[in-house]
Amino acid sequence: MKVTVFGIGYVGLVQAAVLAEAGHQVCCVDVNPKRVADLQAGIIPIYEPGLSALVQQGVAQGLLQFTTDGAAGVAFGELQFIAVGTPPDEDGSADLKYVLAVASTIATHMTSPKVVINKSTVPVGTGDKVKAVLTTTLKTRQQDLQFAVVSNPEFLKEGAAVADCQRPDRIILGTDNPWAEKLLRELYMPFNRNHDKIIVMDIRSAELTKYAANCMLATKISFMNEMSNLAELLGADIEQVRHGIGSDPRIGYHFIYPGCGYGGSCFPKDVQALIKTAEQTGYNTQLLKSVEAVNNQQKHKLFGFLQQHFAGDLQGKTIAIWGLSFKPNTDDMREASSRVLMESLWQAGATVQAFDPEAMEETQRIYGSRADLKLVGTKEAALQNADVLVICTEWKSFRSPDFSVLKQQLKQPVIVDGRNLFEPSRLRELGFTYYAIGRGDSV
Ligand code: NAD
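On a predicted model such as this, the values are computed, not experimentally measured, just so you know. (Residues numbered from 1 in each chain as written. Predicted model: local features only at pLDDT ≥ 70, side-chain atom pairs only at ≥ 80, totals over all residues.)

1. Digging into the UniProt feature "domain: UDP-glucose/GDP-mannose dehydrogenase C-terminal" (unreviewed entry) in the protein chain
Then, in step 1: Following the UniProt record, one finds the feature "domain: UDP-glucose/GDP-mannose dehydrogenase C-terminal" (unreviewed entry) at residues 320-424.
Then, in step 2: Secondary structure across residues 320-424 divides into 30% helix and 18% strand, with the first and last C-alpha atoms of the span separated by 20 Å. (UniProt positions renumbered as here; feature names shortened; annotations may be inferred. Helix = DSSP H or I, 4+ residues; strand = E, 2+ residues; numbered from the N terminus.)

2. Side note on the pairing of strand S4 (residues 79-82)
Then, in step 1: Across the two faces of S4 the burial is the same, with Leu79 and Phe81 and Gln80 and Ile82 all buried.
Then, in step 2: Sheet topology note: the strand S1 (residues 2-6)/S4 ladder contains four bridges and is parallel. Within the sheet, the bridge partner assigned to Thr4 lies in S4 and is Gln80.
Then, in step 3: Inspection of the sheet shows S4 paired to strand S5 (residues 114-118) by four bridges, in the parallel sense. Paired with Gln80 across the strands is Val116, a residue of S5. (Buried ≥ 20, exposed ≤ 12 C-beta atoms within 10 Å, placed from the backbone. Pairing = 2+ DSSP bridges.)

3. Details of helix H8 (residues 178-187)
In an α-helix, one turn spans 3.6 residues; hence positions three or four apart end up facing the same way.
Then, in step 1: Taken as a whole, H8 has its buried residues at Ala180, Leu184 and Leu187. The arc enclosing the buried residues of H8, seen along the axis, measures out at 55°, which places them on a common side. The exposed residues of H8 that point more than 90 degrees off its buried face are Pro178, Lys182 and Glu186.
Then, in step 2: Structurally, H8 contributes buried residues whose contacts are with S1, S4, S5, strand S6 (147-151) and strand S7 (171-174). (Arc of directions from axis to C-beta. Contact = placed C-beta atoms within 7 Å.)

4. Concerning the site of the ligand
Then, in step 1: Residues in close proximity to the ligand total 26 residues, the closest being Gly7, Gly9, Val11, Ser120 and Thr121.
Then, in step 2: Secondary-structure elements contributing two or more residues to the shell around the ligand are helix H1 (10-21) and helix H5 (97-109). (Near = placed C-beta within 6 Å.)

5. Focus: the sheet that holds strand S12 (residues 388-391)
In sheet architecture, strand pairing relies on hydrogen bonds along the backbone and comes in two forms, parallel and antiparallel.
Then, in step 1: Read across the sheet, six strands follow the order S11-S10-S9-S12-S13-S14 without closing on themselves; strand pairing throughout is parallel. If you trace the sheet from one side to the other, it starts and ends with strand S11 (373-375) and strand S14 (433-435), each paired once. Pairs of neighbouring strands in the sheet enclose a mean axial angle of 20°, with direction left out of account.
Then, in step 2: One ladder, built from three bridges, connects S12 with strand S13 (residues 414-417); its direction is parallel. Residue pairing for S13: Ile391 is matched across the bridge by Asp417. (Axes fitted to C-alpha atoms, helices over the stretch in contact; angles between N-to-C directions.)

6. A few points about the UniProt feature "binding site: NAD(+)" (unreviewed entry) in the protein chain
Then, in step 1: With numbering aligned to this structure, UniProt lists the feature "binding site: NAD(+)" (unreviewed entry) at Asp30, Arg35, Thr86, Thr121, Glu158, Lys269 and Arg334. Their sequence span is 305 residues, while the largest C-alpha to C-alpha distance among them is 23.8 Å; these annotated residues do not converge on one region.
Then, in step 2: In this structure, Thr86 sits in the loop between S4 and H5.
Then, in step 3: Judged by the 24 C-beta atoms lying within 10 Å of it, Thr86 falls in the buried class.
Then, in step 4: Once residues within four sequence positions are removed from consideration, Thr86 is found in contact with Ala94, Asp95, Leu96, Val99, Ser120, Thr121 and Val122.
Then, in step 5: Mapped onto the elements of the fold, Arg334 is located in the loop between strand S9 (318-322) and helix H14 (337-347).
Then, in step 6: Once residues within four sequence positions are removed from consideration, Arg334 is found in contact with Gly263, Gly264, Ser265 and Phe326.

7. Observations regarding the environment of Glu232
Then, in step 1: Structurally, the position occupied by Glu232 is in helix H9 (residues 203-234).
Then, in step 2: Judged by the 21 C-beta atoms lying within 10 Å of it, Glu232 falls in the buried class.
Then, in step 3: When the C-alpha positions of Glu232 and Ile437 are compared, they lie 7.8 Å apart, and in sequence the two are 205 residues distant.

8. What about the packing of H9 against helix H12 (residues 286-298)?
Then, in step 1: One way to put it is that H9 packs onto H12 with a least axis distance of 9 Å and a crossing angle of 55°. Taken together, H9 and H12 sit at an angle that is classed as oblique. Remark: the crossing between H9 and H12 carries left-handed chirality. Counted together, Cys215, Ala218, Thr219, Ser222, Asn225 and Glu226 of H9 and Leu287, Leu288, Val291, Val294, Asn295 and Gln298 of H12 form the full contact between these two elements.
Then, in step 2: Its residues assigned to classes, the contact of H9 with H12 comprises six nonpolar, five polar and one charged. (Parallel < 35°, antiparallel > 145°, perpendicular 65-115°, else oblique. Left-handed = near helix turned anticlockwise from the far one by under 90°. Nonpolar A, V, L, I, M, F, W, Y, C, P; charged D, E, K, R; others polar.)

9. Brief notes about unusual backbone geometry
Then, in step 1: The phi dihedral of Phe255 falls on the positive side, at around 60°, and the residue is not glycine.
Then, in step 2: With respect to the helices, strands and loops of the structure, Phe255 is situated in the loop between helix H10 (238-246) and helix H11 (267-280).
Then, in step 3: With 12 C-beta atoms counted inside 10 Å, the residue Phe255 sits in the exposed group.
Then, in step 4: Although it is not a glycine, Asn329 sits at a positive phi angle of roughly 65°.
Then, in step 5: Secondary-structure assignment places Asn329 in the loop between S9 and H14.

See the structure below:
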């Protein structure tokens, strides 16, 4: 099938590459000329495991192409995906300007029937707004062309995006249009062989499903973080509590890890956006507001430990940081906890000496060159002459360090661990002071 994807970011590029792998012809359109030029030259703008090989394969097979030409993109596919960003507006609600700009591009240039599929995360009612743009523009153009608008939210996880797209748990289709449903069932057939994963529902329910899913996941994290703070005060160990509650199948072990707060491009903005959507209906989302508040507080946790350790005086200290991305296997720094920590450290007069396997370029892009930020090439180099080590992201390569090297390099044998990677008793044995999340009297 011929498919156009607007927006070549984490969602659009992965979706396009995976569709091409399944044999579909995909034209990717982006307004960022550098991004398009890079992709045309074989440079992949984001890091996702397996993505680079898949994109190269799609291009080599002539199934994947990149352009900035919106009109050419509209002419290409009967199926038109919208996968552009929906960043938070000033008041926290989702900014729809990019989504509606694509709708307008499609409406302006279409000369044949199109199915417009929204993959971006958008507030309930956006489908109607996209429909309105298409209807009005086509009317102005005096064109009576058939179109359908579908909500097909994306559930991929950054860091495992390719695998998630290749083997989705579910494919939500929000539509009441049989023609659109038939085309999308055909498109997704290669991903739907093991059992039927397609769930068809009305467009508003599909839009809300995406927010409900992310808000549920964010709630699990904030719940565990709240419990971890309590555990600390009560002298209990949250990791033992986690094992205890996870064994109940109604709770389960998935996604109940305490830590230094959730980040990324989705949870923070989607929780905020749903709070705003609810406000617009006059409903007060008490639970979601607490989820957000607990998370904002949790992001200051590591700085709190450092202040405690240095009795409030961080001036002139060098803090080694392992892990900058908001989670492992991605270079995405959006809303990462490491940013809150680094910014607090700089304000307190400390220097950051950091290593991340993938996110250093992005960190450099965000913060530029500054004397109090040293990005180094290995995790060991981050330790040299540093006062203490802080772990912000649970990259696999941080899980089994050589503790004797750590002890040798650090000025003080102190680890502040935002991801509970180590056993407190073991670190105590080795002579470390170990601050972790909710581990009772571990320090
Ligand atoms: P991104 O910022 O990585 O990419 C968006 C791309 O859209 C950019 O390359 C931008 O240049 C391009 N763009 C903007 N306006 C355009 C236009 N008019 N025409 C063509 N391209 C345009 O964003 P992302 O992380 O891929 O997220 C996209 C959407 O998917 C968001 O709504 C997000 O909430 C949702 N989502 C993201 C994830 C994730 O893990 N990143 C997961 C599920 C859903």
